[in-house]
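Examining the three-dimensional arrangement
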Amino acid sequence: MAKEQTYETALARLEEIVESFEQNTLELDELSVRLKEAQKLLKFCKNKLVKTDADVKKILADGKE
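Residues numbered from 1 in each chain as written. Predicted model: local features only at pLDDT ≥ 70, side-chain atom pairs only at ≥ 80, totals over all residues. Heavy atoms only, no water.

Another point: the UniProt feature "coiled-coil region" (unreviewed entry) in the protein chain. UniProt tags residues 4-48 as "coiled-coil region" (unreviewed entry). Between the end C-alpha atoms of residues 4-48 the distance is 13 Å, and the span holds 82% helix and 0% strand. (UniProt positions renumbered as here; feature names shortened; annotations may be inferred. Helix = DSSP H or I, 4+ residues; strand = E, 2+ residues; numbered from the N terminus.)

In this section: helix α1 (residues 7-22). Side chains of residues three or four places apart in an α-helix project in the same direction, reflecting 3.6 residues per turn. Taking 1.5 Å per residue as the helical rise, α1 with its 16 residues ought to reach 22 Å, and the 22 Å between its terminal C-alpha atoms agrees with that figure. Here the buried face of α1 lies against α2 (28-64). A positive phi of about 55° marks N24, the residue just after α1. (Expected span 1.5 Å × (residues − 1). Contact = heavy atoms within 4.5 Å.)

Another aspect to go through is the pattern of salt bridges. Considering all chains together, one arrives at seven salt bridges under this definition. For the salt bridge of R13 with E16, the shortest nitrogen-to-oxygen distance reads 2.8 Å. Of this pair, R13 and E16 both sit in helix α1, three residues apart, which is roughly one turn of that helix. The partner of D53 in a salt bridge is K57, with the nearest N and O atoms 3.2 Å apart. Residue D53 and its partner K57 are both found in helix α2; the two are separated by four residues, about one turn of the helix. Residue class for K57 comes out exposed when judged on its relative accessible area of 53%. Each of R13, E16, E30, R34 and E37 takes part in salt bridges that share partners, so that together they form one network. (Salt bridge = Lys/Arg side-chain N within 4 Å of Asp/Glu carboxyl O. Buried < 20%, exposed > 50% of the residue type's maximum accessible area, 1.4 Å probe, protein only.)

As structure tokens, then:
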């Protein structure tokens, strides 16, 4: 059974990918694969942040009532 991805694991993986870009350690064939992976991770992180922001706003609004 695959472990559910968390924001923290996605961010850590993104940092690894960015580091490999910065260090020029990727082979040409691997470059597009890592870029696609990074795009998916960025979308996941953005969605997670948007959902968390909405949840926090709702909790704070409910607390004012």
